[in-house]
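Summary of structural features
For reference, the chains in residue letters:
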Amino acid sequence: MTKILAVFLMALLLTGCGTEKTGDRDMARYENYEFRVALQFPAEWKPVEGYENRYGGENGYIQLAGIGGTDLQLEQVARDQTEHRLSPYGSSPEIVHPQDSALPALLILPSKDQDPEHEGLAALVVRLPEPVITPAGEYGFLIVWGDKGHIPQLAGTLEVLP
């Protein structure tokens, strides 16, 4: 029981969610202290069991991860994602600058021929203000995977945490 409580308390320290109303929709504020960022997503989304840093619901999802070395350029990290051998974004995905973003970022939007297995997958690649060191390695970028219906809007809610 003590281990479960300790894990729960650690999860609360590393991440956090609060709710606020944005337009006609309740949005949850997600804070990730490992990557020192915050963003908003639909309040009905919940943590997805079995995944780290993944939230979702019936209408979409997001998942955050560290990516890329500190010596890379934003454009190269995004291009590397689109050139993956599995072509998760289709044969000719679009790489665009988000309309509103507090950090240097690029959106990866899928092409029409995206494989049904990956259907709807889009991504936001963000240069972090400072490298992040995790047990898995050192990262200069954050990638937010999610469905193409939500990723462009989430880009505008991205904030840097102190």
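Residues numbered from 1 in each chain as written. Predicted model: local features only at pLDDT ≥ 70, side-chain atom pairs only at ≥ 80, totals over all residues. Heavy atoms only, no water.

Let's talk about the overall build of the protein chain
Summing up its helical and strand segments, the protein chain has three helices and eleven strands in all. Secondary structure elements in the protein chain, listed N-terminal to C-terminal, are α-β-β-β-β-β-β-α-β-β-β-β-α-β. For the protein chain, the residues scored as buried account for 44% of the 162 residues in total. A sequence separation of at least 24 residues applies to 48% of the contacts in the protein chain between residues at least 6 apart. (Helix = DSSP H or I, 4+ residues; strand = E, 2+ residues; numbered from the N terminus. Buried < 20%, exposed > 50% of the residue type's maximum accessible area, 1.4 Å probe, protein only. Contact = heavy atoms within 4.5 Å.)

Brief notes about the pattern of salt bridges
All chains considered together, the criterion is met by three salt bridges. Between Glu 31 and Arg 29 there is a salt bridge, and its shortest N-O distance comes to 2.7 Å. Ionic pairing is found between Arg 36 and Glu 130, a salt bridge with its closest N-O pair at 3.9 Å. Of this pair, Arg 36 sits in the loop between strand S2 (25-32) and strand S3 (37-42) while Glu 130 sits in strand S9 (residues 121-134), and the two are 94 residues apart along the sequence. Residue Arg 36 is classed as partly exposed on the basis of its relative accessible area, which comes to 27%. (Salt bridge = Lys/Arg side-chain N within 4 Å of Asp/Glu carboxyl O.)

Thoughts on the sheet that holds strand S6 (residues 60-67)
Read from one edge to the other, the open sheet built from seven strands follows the order S4-S5-S6-S10-S9-S8-S7, with strand pairing classed as antiparallel. This sheet does not close on itself; its edge strands, each paired only once, are strand S4 (46-47) and strand S7 (94-96). (Pairing = 2+ DSSP bridges.)

Focus: the confidence of the model for the protein chain
Summarising the model, the protein chain shows a mean pLDDT of 85, and 85% of its residues fall at 70 or more. A low-confidence stretch, residues 1-24 stays under pLDDT 50, and its non-local contacts, those more than four residues away or across chains, total 32 contacts. (pLDDT = per-residue confidence, 0-100.)

Focus on the packing of aromatic side chains
All chains considered together, the criterion is met by four aromatic pairs. Ring centres of Phe 41 and Tyr 55 lie 5.0 Å apart, and the angle between their planes is 35°; on these two criteria the pair is classed as tilted. Pair noted here: Phe 41 is in strand S3 and Tyr 55 is in strand S5 (residues 54-57), with a separation of 14 residues, a long-range link. On the accessibility criterion, Tyr 55 (10% relative accessible area) is buried. An aromatic cluster of three or more residues is present, and its members are Tyr 30, Phe 41, Trp 45 and Tyr 55. Sitting over the face of the ring of Tyr 51, Arg 54 holds its NZ or CZ atom 4.6 Å from the ring centroid. (Phe/Tyr/Trp six-rings, centres within 6.5 Å; stacked < 30°, edge-to-face > 60°. Lys NZ or Arg CZ within 6 Å of the ring centre and 35° of its normal.)

Quick word on the pairing of S6
Every regular strand shows the same layout, with side chains that alternate between the two sheet faces. Buried residues dominate S6, accounting for seven of its eight residues. Where S5 meets S6, four bridges bridge the pair, whose relative direction is antiparallel. The residue of S6 that forms the bridge with Tyr 55 is Ile 62. Hairpin remark: S5 followed by S6, antiparallel, with two residues in the connecting loop. One ladder, built from six bridges, connects S6 with strand S10 (residues 137-147); its direction is antiparallel. Bridge pairing in S10 links Ile 67 to Phe 141.

Here's the deal with helix H2 (residues 74-82)
Restricting attention to buried positions, one finds in H2 the residues Leu 74, Val 77, Ala 78, Gln 81 and Thr 82. Projected onto a plane normal to the axis of H2, the buried residues spread over an arc of 140° and lie on a single side. Next to the buried residues of H2 lie S6, S7, strand S8 (105-109), S9 and S10. (Arc of directions from axis to C-beta.)

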